Amino acid sequence: EDQVTQSPEALRLQEGESSSLNCSYTVSGLRGLFWYRQDPGKGPEFLFTLYSAGEEKEKERLKATLTKKESFLHITAPKPEDSATYLCAVQASYAGNNRKLIWGLGTSLAVNP
Amino acid sequence: NAGVMQNPRHLVRRRGQEARLRCSPMKGHSHVYWYRQLPEEGLKFMVYLQKENIIDESGMPKERFSAEFPKEGPSILRIQQVVRGDSAAYFCASSPRGGPSTDTQYFGPGTRLTVL
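Throughout, residues of each chain are indexed from 1 in the direction in which the sequence is written. The order in which chains are written sets their letters, starting at A; the order in which ligands are written sets their numbers, starting at 1. Two thresholds apply to this predicted model, a pLDDT of at least 70 for residue-level local features and 80 or more for giving and counting side-chain atom pairs, whereas whole-chain, interface and lining totals are computed over all residues. With hydrogens and water excluded, all non-hydrogen atoms of the structure serve as input to the side-chain values.

1. Remarks on the nonpolar core
- Side-chain atoms within 4.5 Å are what join buried Ala, Val, Leu, Ile, Met, Phe, Trp, Tyr and Cys residues into a set we call a nonpolar core. Residue exposure (1.4 Å probe, protein chains only): buried if accessible area is under 20% of the type maximum, exposed if over 50%, otherwise partly exposed. Core analysis: the largest hydrophobic core is formed by 25 residues, its most contacted members being L33, W35, L73 and Y86 of chain A.
- Only β2 (10-14), β3 (19-26), β4 (30-38), β5 (45-50), β7 (62-66), β8 (70-75), β9 (84-92) and β11 (107-112) of chain A provide two or more residues apiece to this core.
- The dominant element in this core, judged by the number of residues it contributes, is β9 of chain A, at 5 residues.
- Formed by 24 residues, the second largest nonpolar core is a distinct cluster that contains A19, C23, V32 and M60 of chain B. Under the DSSP-based scheme used, a helix requires at least four consecutive residues in state H or I and a strand at least two consecutive residues in state E, with every element numbered from the N terminus.

Shown next as structure tokens:
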């Protein structure tokens, strides 16, 4: 069964304290792995798509990496405005025309000033 | 350049009533997805539609739930005879037509349904 597991469930950092979030996945053929950010009461906001092992993407203080079994979201020198829930999702290649996303439960990040 | 729009943002219904949730995709997008988010359970896929066509409804409960995406107008998620367990946030996402860019889904702000 396709599955996405994120860790830790919650993370509290001091401003400037770098860390990494983990997303491990089990899927029969990966079409793509997606990272989103979700603020309370809002919809998920797209961050990155990764398609193959070894791929990396960067945006401001965030960097996403991908291996055959997991992805990491590295946060460098975070600021309080980076506080949010970070969601990971996968799309399976065997699904053909189906584009559904399979989601992890997210990591709730709090950055203290 | 408007993003995905959903309305209403908040909807309160009594048990047994009907709920209609609307979603207008981003301009130029012809693929629409509905997801449900329950506390402590994360986002779950419900249905994937293209204009006038349901591609996959494997995540949709067999009874009381239906979805459409007509040639003109928004996509509608309809829940008949709502029960308390239907209380959740319902998110719509859209993606462009054709090519690898179809894989990226952009989400709306959601509709928060409360069933009394």
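That was the structure; now back to the text.
2. Considering the pairing of strand β8 (residues 75-79) of chain B
Residues and elements named next belong to chain B.
- Counting buried positions along β8 yields 4 of 5 residues, so the element is predominantly enclosed.
- Here the rule is simple: two strands pair whenever DSSP picks up at least two bridges between them. Here strand β3 (residues 19-24) runs beside β8; their pairing, made up of 5 bridges, is antiparallel. What sits directly across from L21, in β8, is L77.
- Note: strand β7 (residues 65-68) against β8, 4 bridges, orientation antiparallel. From the neighbouring strand, E68 faces β8, where its bridge partner is I76.
- Linking β7 back to β8 in an antiparallel pair, the connection comprises 6 residues, with G73 at a positive phi of about 100°.

3. Structural notes on the state of the cysteines
Residues and elements named next belong to chain A.
- We call a pair of cysteine sulfur atoms a disulfide whenever their separation is within 2.5 Å. Counted according to the given criterion, the structure contains 2 disulfides over all chains.
- Between the sulfur of C23 and that of C88 lies a disulfide, 2.0 Å long from S to S. Disulfide C23-C88: the torsion about the S-S bond is -65°, which places it as left-handed. Separated by 65 residues along the polypeptide, C23 in strand β3 and C88 in strand β9 bring together distant segments of the chain.
- According to the relative accessible area criterion, C23 is buried, its value standing at 0%.

4. Some words on the packing of aromatic side chains
- Only Phe, Tyr and Trp rings are paired, with Trp represented by its six-membered ring, and only when their centres lie within 6.5 Å; those with planes under 30 degrees apart are stacked, over 60 edge-to-face, the remainder tilted. Applying the stated criterion to the full structure yields 9 aromatic pairs over all chains.
- Ring centres 5.8 Å apart and planes at 70° place the aromatic pair Y36 of chain A and F46 of chain A in the edge-to-face group. Here Y36 of chain A is found in strand β4, whereas its partner F46 of chain A is found in strand β5, with 10 residues between them in sequence.
- Overall, Y36 of chain A belongs to the buried group, its relative accessible area being 0%.
- Classification of F46 of chain A as partly exposed rests on a relative accessible area of 22%.
- Judged by centre distance (4.7 Å) and plane angle (10°), the rings of Y33 of chain B and Y48 of chain B are stacked. With a gap of 15 residues between them, Y33 of chain B in strand β4 (residues 29-38) and Y48 of chain B in strand β5 (residues 42-50) connect regions that are remote in the sequence. By the burial criterion, Y33 of chain B is buried, and Y48 of chain B matches it.

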